[in-house]
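Structural overview for review
Each chain, letter by letter, is given below.
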Amino acid sequence: MAEDILQKHQPLVQELKQHLGEKGFNTAFDSKTAELSKGDQFIIKMELNRLRQPCSRVLDLRGLSKGEIQNYQYNNQHHFLDADAIAVFEQGVKRFGDYTQAVYEMVMQQVHHRREQRQQQAQIEHDEHEGGRLIRFASYESRQQERMNYAIKVRVLVNEQRIEGKTSDISLGGAKLKLPRHSLLKRGQSIRVRFTGLEEDFELGLKNGVEYQVVATEPSMDNEFYYARLKRGEGQEIPGFDAFLARFIDGNKRRYKVNLDNTLDAVLTKGYEQYYLPRLNSLFAFVCKQQGKLQPRLLLTTENSLESHTYFCDEERRTVIARLLNETRLNSVLAQPLTQLGQVKHTLLYSFTHSHNNKIYFYSATELELATHPHLRALFFAFGSRKPSWRVHKLQLLPVQGDDAHLPLSLPDSAGDAIAKLNKPPSARVYSYLRGLSHLCLLTPLHSPALTKRLRRYELDHSAVNQLKVFGHRRSHTPELEIVALEYANLRAHKRYLYATEITASTAQDIEIKAKSLDFSVLGMQIELAEAANIKKGEVITLALPQLQQITKKFHLAQLPYEVMAISKSGTVLNLKAYQKGRHPHAGVLFFAQLIDNNKDKLQQCEEEPKVPGLSKALRNIVIKNLCQTPLYFCKQDNQLALGAIGLGRYGNSIHHIWQHFGELGRHPDLSALFNGQNLQLLTDTLHQSNRQDKAKAFDLFIHVRPKEDKIANAISCRCIPIEQDYQAITPFINDALDGGLLFAYRLFLSKTGRPDTKYLLSELKYISHYALHKARELEDALWQVEGVIDALAIDELIPRLTHVDIGAYQGMVERRTKWLQRID
């Protein structure tokens with residue numbers, strides 16, 4: 001009976017509990033229960049009296065809380081509480097004057113509430129696990145101040161209305177409020193906030209409150225209330241209050257915990273970025289406008305793009321990209337009309353080389369240029385595709401700016417001097433290399449056996465070959481590009497070690513030169529010659545190691561062939577790589593492998609110093625901020641590989657548009673429709689058979705979209721094929737898509753990943769570990785789940801080149817596809 005009455009009047013009981021211990025409690029009780037029967041009043045009064053009784057029960061949260069348990073003593077009684085429970089306990093004791101039954105129930109209700117939150121979060125994480133992750137590249141923002149999770153009563157003053165609520169977190173420059181849903185604030189609205197909870201303990205002198213602006217609102221999970229994010233405007237400083245708040249946060253952030261949401265998201269995003277960047281297959285040329293002319297000035301190379309970089313070098317190993325990306329060509333690409341890719345202009349670049357008198361001559365043409373020479377198009381394809389040096393690249397050109405080079409951490413400068421130093425913008429020296437930066441040009445290889453085979457169908461007229469001179473590039477002097485390698489964690493298979501030993505180097509002309517080693521690895525070494533010699537990049541020299549020969553009889557350390565990979569400006573420091581000819585093992589490789597294996601504890605690892613400190617990172621930031629291709633990630637899920645994440649940059653492509661159309665481009669998109677069945681098996685088998693050092697494996701993916709379907713699982717069909725295979729088998733699939741559907745094509749570059757690059761994330765991981773060690777471990781565990789990454793590039797223009805299709809049906813599909821994409825935008 002009594003329980004039924006209490007249940008019936010539960011909201012009233014909860015309201016009256018808020019007044020327990022206050023001087024005017026009896027008056028409030030009589031006023032709020034005036035309409036109730038005497039019996040109901042009595043039962044409610046008895047319940048409230050029960051809550052006011054002293055409590056002798058021990059609070060023991062061991063096994064109930066995920067937080068750090070402390071032995072907390074009150075009136076010679078020991079309780080086992082975490083920091084949040086201690087805060088609730090002390091608030092209750094202050095309100096009721098002692099440890100009462102109400103205090104006990106307040107603490108236990110909070111424990112129950114947190115358990116429910118954990119269960120809800122676990123369900124969310126389970127749902128996320130079932131779906132994928134959308135990784136928004138470079139989306140993290142740097143906070144100006146630390147935010148502390150802290151719940152305190154506030155009163156919002158807006159339009160002569162008072163709204164009672166609580167803070168969820170607070171910082172010097174803003175706050176997040178938890179407010180009743182009936183009092184919805186609007187974005188951009190100016191309000192004043194009184195910190196009534198703090199005013200109970202401190203004299204703030206802020207009767208009119210503090211002025212804030214509403215930045216955003218979001219509902220709670222159960223829609224019972226909502227959150228309002230606030231910021232303070234410039235020029236609204238209150239020195240006394242600001243100083244108090246700074247001291248209050250600094251003194252309590254370990255107890256109430258710093259809000260880590262922004263940093264957690266940033267570390268996860270950066271981890272995925274670091275997996276992707278070294279596996280990019282594109283060369284990145286940074287184009288500057290100097291004296292009114294467009295000219296490439298910097299070239300960023302990645303681990304996967306080294307082959308393309310080598311291709312675009314002449315016989316002296318100097319890059320010719322500046323010649324190929326001349327002003328006329330760049331302007332012709334920029335003159336194209338806008339497409340669904342927005343500011344990203346693109347074309348195909350065809351090239352081949354011709355050798356004469358030990359010199360390499362480059363010939364190239366874009367689709368746009370071949371359209372202006374229609375009479376030479378067939379001849380260019382017929383002759384070029386028969387050359388071993390024939391290559392096809394996709395050229396993409398997009399606007400960028402030098403300011404994109406600065407990408408601070410997600411942490412405020414106040415988090416520490418080391419953080420403040422890392423948040424500084426690039427140096428003046430770095431910015432000098434970016435002066436006039438206007439565009440980023442990507443060159444991505446697309447050649448394949450199937451494409452080359454179809455182009456060789458053109459009949460070759462040998463008598464007309466001289467007409468192709470119009471596509472040749474003169475060997476005139478062009479400003480040399482600054483080559484910058486992408487810096488990332490040392491994930492190479494063989495580490496380098498500092499070591500000095502005598503060497504005798506012999507050139508191809510049998511000239512002996514005294515030298516010494518600076519460092520070595522299993523596959524190479526760096527040596528310093530006693531004097532400069534006429535040695536060129538790419539030349540093979542032989543080495544003798546007399547001092548090291550004295551410690552081994554197993555290996556013959558003379559006449560060891562090494563290829564010169566780089567030469568210093570002084571001509572005395574050479575970077576060498578073991579030159580492997582035939583199937584016979586290289587004695588130097590075997591010797592150094594054994595030497596390193598037996599002396600790892602004695603050898604000192606070598607750290608590389610960049611030529612211009614900070615330049616590689618600046619270029620990395622520009623690439624990340626202007627991503628125009630699609631990263632896809634394979635992750636371990638229940639001991640199986642599945643597509644677990646998709647990346648999205650500033651410039652989305654058609655994959656993003658497809659998923660957006662079907663409502664699947666949210667925080668956790670359903671990616672299962674992209675790779676399933678045989679397609680998934682093909683890619684996962686390739687990953688299982690690969691290792692971290694292997695070249696990227698190339699595949700072509702074709703997607704048939706049925707726009708009238710409601711769900712993505714029913715709307716799309718996919719076929720994936722290795723580029724080495726014959727495309728005849730998928731011709732029926734392509735023709736079916738052309739008949740009323742939409743067809744999209746992508747080149748996929750699949751790479752096996754290694755361990756996560758936590759070195760790049762170290763500062764933010766240490767910060768998270770300081771306040772929530774388990775969160776840092778969860779982040780690292782999530783990053784360790786990534787097993788493979790795909791660099792996906794749209795190649796719709798190659799569809800009629802790769803397969804035999806009806807040109808009329810294909811052009812009709814292109815028109816439908818263009819209109820459909822325009823409606824999505």
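Since this is a predicted model, take the numbers as computed values, not measurements.

Before going further, it helps to spend a moment on the sheet that holds strand β15 (residues 391-399). Strand order in this open sheet of 7 strands is β14-β13-β15-β16-β11-β12-β17, and the pairing throughout is mixed. Both edges of this open sheet fall to β14 (359-366) and β17 (482-485), since each of them pairs with a single strand only. The sheet shows a mean angle of 30 degrees between the axes of neighbouring strands, taken without regard to direction. Pairing of strand β11 (residues 283-290) with strand β16 (residues 437-445), which is carried by 6 bridges, proceeds in the antiparallel orientation. Following the sheet pairing, Phe286 is matched in β16 by Leu440. Relative to the sheet, helix α20 (residues 615-625) contacts β11, β12 (293-301), β16 and β17, its axis offset from that of β12 by approximately 105 degrees.

The element strand β7 (residues 174-180) is extensively covered by neighbouring structure, given that 5 of its 7 residues are classed as buried. Pairing of strand β6 (residues 161-170) with β7 involves 4 bridges; the strand directions are antiparallel. Among the inter-strand pairings, Ile170 is bridged to a residue of β7, identified as Ala175. What sits between β6 and β7 in their antiparallel hairpin is a turn of 3 residues. Pairing of β7 with strand β10 (residues 225-231), which is carried by 7 bridges, proceeds in the antiparallel orientation. Across the sheet, residue Pro180 finds its bridge partner in β10, namely Phe225.

What follows is about helix α22 (residues 677-688). Taking 1.5 Å as the rise per residue, α22 with 12 residues should run 16 Å; its terminal C-alpha atoms sit 16 Å apart, in good agreement. Buried within α22 are the following residues: Asn679, Leu683, Thr684, Thr686 and Leu687. What you see down the axis of α22 is that its buried residues fit within an arc of 155 degrees, all on one side. Away from its buried face by more than 90 degrees, α22 exposes Gly677, Gln678 and His688. Close packing links the buried residues of α22 with β26 (630-637), β27 (640-648), β28 (697-705), β29 (716-722), β30 (742-752) and β31 (786-794).

Parameters at a glance
Residues numbered from 1 in each chain as written. Predicted model: local features only at pLDDT ≥ 70, side-chain atom pairs only at ≥ 80, totals over all residues. Heavy atoms only, no water. Pairing = 2+ DSSP bridges. Helix = DSSP H or I, 4+ residues; strand = E, 2+ residues; numbered from the N terminus. Axes fitted to C-alpha atoms, helices over the stretch in contact; angles between N-to-C directions. Contact = heavy atoms within 4.5 Å. Buried < 20%, exposed > 50% of the residue type's maximum accessible area, 1.4 Å probe, protein only. Expected span 1.5 Å × (residues − 1). Arc of directions from axis to C-beta.

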